[in-house]
Amino acid sequence: MTAGQRRRCFGLLRSAGDVWACVLEVNAWRRRRGDAPLAGFQELCRELAASGPGTFGELDSTGARSVLRRFSDAWFAVAKRRQTGDVSAGFPRRRRGLVPVRWYHGTFTVVGRRVRIPAARGSAPLWVRLVRDLPYPVEQVRSITLLCEGNRLFLDVTAEVPVTVYPPGEEPDAGRVAGVDLGIIHPYAVAGPDGAGLLVSGRAVRAEYRMHLADTKARRRAVARRAPKPGQRGSRRWRRYRRRARMVEGRHRRRVRQAQHEAARTVISWAQQQRVGVLHVGDPRSVLDIPAGRRHNLRLRQWQIGRLIQVLTDKATLAGITVHMVDERGTSSTCPACHRRIPKPRGRTITCPHCRFSGHRDLVAAAMIATRKPGGGPTTPTTAVAVLPGVITHRRAGRHLPGAGQSRRDPRRPTQAARGSVGPRWPAPPPGGESLAPNGEDPQHPTGRPGER
């Protein structure tokens, strides 16, 4: 886009931030007077209409109402959490410089790659050009959202996509249930109904987090001496450094988000092949409130459990698969054979000290999750028989990440001189990322039969 188009787009985002700040200021006045806050969407729209035209620059009433809708939804979501006993939830009281703006169907125009963004009455029309064609027909587009991430402007397009239609005999069967265990090393571990299992490795995503943190620390140490003091205006060099840091941070978030979508797409494609109609997903969000130390708390924060669940749910709904959240407490520490407590292992393989059962920890948890009922307690009934996977399919998420190719080396790592022999070479993975074990078996259990080593 041109400099003028970029300036006008950022002006719309800043005007949306002014709307957000005005709502916070009005509620602060009412709170000091002891009045009820303005949180309803209709009440906020009446206040917006009373402000008159031209109050928020080129931002039209539709875009301003989208900001009010965002504030109202956030306020009532916090109120609902407080009613359930979550006192840590706080109402929106933080100002924002740039707030995303959304326009709905009928207020914007899409012609090929050109999009006309609505502006206030009396302003010149604002046309922008997209970098790629829309993946949906124009008649299916329902809304567009202008937002800024990493100092880059994006236009988020929402479209109405029909549910997948299957040929007769290939549609998902509601009687076939699979369990999904969420994790950090394996974002998704799935246990199917016929002894089939799926492991999606997220080690490349975890390495991306680790290397990005190391790069950020090194960059901050390098510029610590020339950083401006508090209250001192920065130089152009400092502004360029901050701009570069925002670009790197945005690129890191986009890489991780793409890897999460790839992992969820892998799970849904596997479920479609197995004709799975219901997915029981273990909900591990209860562990986020447990303090586990500085390093592990960072891993939990980078886990992004809610986004993994939301991405999987969206893709499952599009494929015609039902998703139910179940309690996962005790699934990875309970033996599926004798239903006794198993101590936590150091690796990924658990072994029962009572009946000598052995299996992959995440797959055992997924098989136990498949037997639980939605809305039930954490106790797993002894009458439910967990179908443990005998044939395991291995996949990797984030093949686009640096160092995730066949070289298995991140280019951001410092090169070191090789000492001695490099040793035997590992065989290259076959196309598609299948397991190197014969017949698709788990490499940790060559026999393919659960319970044997």
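Residues numbered from 1 in each chain as written. Predicted model: local features only at pLDDT ≥ 70, side-chain atom pairs only at ≥ 80, totals over all residues. Heavy atoms only, no water.

Glancing now at the packing of helix 1 (residues 3-33) against helix 3 (residues 61-83). Two elements in contact, helix 1 and helix 3, have axes whose closest approach is 9 Å; the angle formed by their N-to-C orientations is 50°. Compared by their axis directions, helix 1 and helix 3 come out oblique. As helix 1 packs across helix 3, the resulting crossing turns out to be right-handed. Seen from helix 1, the contacting residues are Ala16, Val19, Trp20, Val23, Leu24 and Asn27; seen from helix 3, they are Ala64, Val67, Leu68, Arg70 and Phe71. In terms of residue class, the contact of helix 1 with helix 3 is built from 9 nonpolar, 1 polar and 1 charged. (Axes fitted to C-alpha atoms, helices over the stretch in contact; angles between N-to-C directions. Helix = DSSP H or I, 4+ residues; strand = E, 2+ residues; numbered from the N terminus. Parallel < 35°, antiparallel > 145°, perpendicular 65-115°, else oblique. Left-handed = near helix turned anticlockwise from the far one by under 90°. Contact = heavy atoms within 4.5 Å. Nonpolar A, V, L, I, M, F, W, Y, C, P; charged D, E, K, R; others polar.)

Turning next to the pattern of salt bridges. As enumerated under the stated definition, the model contains 13 salt bridges in all. For Glu160, the salt bridge goes to Arg142, with nearest N and O atoms at 3.0 Å. Of the two residues, Glu160 is situated in the loop between strand 6 (152-159) and strand 7 (173-182) and Arg142 in strand 5 (residues 141-149); the sequence distance between them amounts to 18 residues. Among the residues examined, Glu160 registers a relative accessible area of 48% and is labelled partly exposed. Its salt-bridge partner being Glu149, residue Arg257 comes within 3.4 Å of it at the nearest N-O pair. (Salt bridge = Lys/Arg side-chain N within 4 Å of Asp/Glu carboxyl O. Buried < 20%, exposed > 50% of the residue type's maximum accessible area, 1.4 Å probe, protein only.)

This part is about the sheet that holds strand 4 (residues 126-129). One open sheet holds the 3 strands; their spatial order is 2-3-4, and the pairing between them is antiparallel. What marks the edges here is a single partner per strand, and that holds for strand 2 (109-111) and strand 4. Neighbour-to-neighbour, the strand axes of this sheet turn through a mean angle of 25°, independent of strand direction. Its contacts with the sheet put helix 1 on strand 3 (114-117) and strand 4, and the angle it makes with strand 4 is roughly 110°. (Pairing = 2+ DSSP bridges.)

Let us now look at the nonpolar core. Of all hydrophobic cores here, the largest spans 38 residues; its most connected members are Leu12, Val19, Leu59, Leu68, Phe71, Trp103 and Ile144. Breaking this core down by element, the ones donating at least two residues are helix 1, helix 2 (41-51), helix 3, strand 1 (101-104), strand 3, strand 4, strand 5 and strand 6. Looking at which element gives the most residues to this core, the answer is helix 1, with 9 residues. With 28 residues, the next largest nonpolar core counts Ala196, Ala264, Ala271 and Leu300 among its residues. (Core = buried A, V, L, I, M, F, W, Y, C linked by side-chain atoms within 4.5 Å.)

The next subject is the side chain of His252. As for its placement among the helices and strands, His252 is situated in helix 5 (residues 236-273). Excluding its chain neighbours within four sequence positions, the residues that come into contact with His252 are Glu208, Tyr209 and His212.

Once that is clear, we can look at the pairing of strand 6. The pairing of strand 5 with strand 6 spans 8 bridges and is antiparallel. Residue pairing across strands places Cys148 opposite Leu153, the latter belonging to strand 6.

Here the focus is the packing of aromatic side chains. For the structure shown, the criterion picks out 4 aromatic pairs. With 5.1 Å between their ring centres and 40° between their planes, Trp238 and Tyr241 make a pair best called tilted. With a gap of 3 residues between them, Trp238 and Tyr241 both fall in helix 5, about one helical turn apart. Here Trp238 and Tyr241 have matching classes, each one buried. Of the aromatic side chains, those joined through ring pairs into one cluster are Trp75, Phe76 and Phe91. In this structure, Arg114 packs its charged tip against the face of Trp127, placed 4.4 Å from the ring centre. (Phe/Tyr/Trp six-rings, centres within 6.5 Å; stacked < 30°, edge-to-face > 60°. Lys NZ or Arg CZ within 6 Å of the ring centre and 35° of its normal.)

Before going further, it helps to spend a moment on a nonpolar patch on the surface. Taken together, the side chains of Tyr136, Val161 and Leu318 define a hydrophobic patch exposed on the protein surface, amounting to about 230 Å² of accessible area. Structurally, the position occupied by Leu318 is in helix 7 (residues 305-318). (Patch = residues over 30% accessible without salt bridge, like charges linked within 9 Å, V, L, I, M, F, W, Y side chains within 5 Å. Areas by Shrake-Rupley, 256 points an atom, 1.4 Å probe, with all protein chains shown as cover.)

Turning next to the environment of Ile321. Relative to the helices and strands, Ile321 is located in the loop between helix 7 and strand 11 (322-327). Considering only alpha carbons, one finds Ile321 and Arg275, 46 residues apart in sequence, at a separation of 9.3 Å. Every residue in contact with Ile321, bar those within four places of it in the chain, is listed here: Pro172, Ala271, Gln272, Val276, Gly277, Val278, Leu279 and Ala316.

As a further point, take the sheet that holds strand 9 (residues 196-201). Sheet architecture is open: 6 strands sit in the order 11-10-7-8-9-14, paired in mixed fashion. The open sheet is flanked by strand 11 and strand 14 (391-396), the only strands paired with a single partner. Pairwise comparison of adjacent strand axes, ignoring direction, gives a mean angle of 25° for this sheet. In this sheet, strand 9 lies alongside strand 8 (residues 188-191) in antiparallel orientation, the contact comprising 4 bridges. Within strand 9, the position partnered with Ala191 by the bridge is Gly197.

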